[in-house]
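Here is how the chains run, residue by residue.
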Amino acid sequence: MLFLIAYICSVVLINYAFSTAPHLDIIWSAWGGLVFVLRDMVQTRFGHGAIAAMLAALVLSYVTSDPSIALASATAFAVSECIDWLVFSVTKRPLHDRLWISSALSIPLDTFIFFGMIDAFTPAVILTAMGSKFAGVTAVWLIMAWRLRKQAVAS
């Protein structure tokens, strides 16, 4: 439940931050990595119920943030969630691999769509956003792979 609340709050807060201080876009783009990690944790625990969490976060974002930021966030999340849904539904690989594969496909699209829609499409912002997202997802992948190996050795 902690990951669910943290995920919703992070989406709302990051959209609010982009709305109130867009000149700090590099800082906010680095925060995006945390949002992707939290989303993966919510998906791991709640499966496709993560979509309900995303919708709640986007409704709250629309109320608290600039509507154009909320729309960009909703559009980017919708695309990345569709990709995640496909990977999680079709792929039979272990969970940690599905998380990384879905992120490898969805992170670039999510990043380009969001920053393109809010007119913050600069190399520094794009590299920071993608770097933080891939770093976070890779950290989660490594932890999950390590736990799997540890369980296999213990068995």
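In this text the structure is predicted, and so the values were computed from the model without any measurement.

## Some thoughts on the UniProt feature "transmembrane region" (unreviewed entry) in the protein chain
Part 1 of the reasoning: Here, UniProt's "transmembrane region" (unreviewed entry) annotation points to residues 45-63, 99-118 and 124-146.
Part 2 of the reasoning: Counted over residues 99-118, helix gives 95% and strand 0%. Its end C-alpha atoms are 27 Å apart.
Part 3 of the reasoning: Strand forms 0% of residues 124-146 and helix 100%; the C-alpha atoms that close the span are 32 Å apart.

## Topic: the nonpolar core
As a rule of thumb, soluble globular proteins bury nonpolar side chains together.
Part 1 of the reasoning: If you look at the biggest cluster of nonpolar residues, it comprises 33 residues, and the most contacted ones within it are Tyr7, Val11, Phe18, Phe77, Phe114, Phe115 and Ile118.
Part 2 of the reasoning: Elements supplying a minimum of two residues to this core: α1 (2-20), α2 (25-46), α3 (50-64), α4 (67-90), α5 (95-117) and α6 (123-154).
Part 3 of the reasoning: It is α1 that provides the largest number of residues to this core, a total of 8 residues.
Part 4 of the reasoning: Val11 has contacts with Val35, Ala57, Leu58, Ser61, Ser73 and Phe77, leaving out every residue within four places of it along the chain.
Part 5 of the reasoning: Membership of the second largest hydrophobic core comes to 6 residues, among which are Phe88, Leu99, Val140 and Met144.

## Re α6
Part 1 of the reasoning: The terminal C-alpha atoms of α6 lie 46 Å apart, and with 32 residues this matches the ideal 46 Å at 1.5 Å per residue to within 8%.
Part 2 of the reasoning: Residues of α6 that are buried: Val125, Ile126, Ala129, Met130, Ser132, Lys133, Gly136, Val137, Val140, Met144 and Ala145.
Part 3 of the reasoning: Summarising the contacts, the buried residues of α6 are in contact with α2 and α5.

Cut-offs applied
Residues numbered from 1 in each chain as written. Predicted model: local features only at pLDDT ≥ 70, side-chain atom pairs only at ≥ 80, totals over all residues. Heavy atoms only, no water. UniProt positions renumbered as here; feature names shortened; annotations may be inferred. Helix = DSSP H or I, 4+ residues; strand = E, 2+ residues; numbered from the N terminus. Core = buried A, V, L, I, M, F, W, Y, C linked by side-chain atoms within 4.5 Å. Buried < 20%, exposed > 50% of the residue type's maximum accessible area, 1.4 Å probe, protein only. Contact = heavy atoms within 4.5 Å. Expected span 1.5 Å × (residues − 1).

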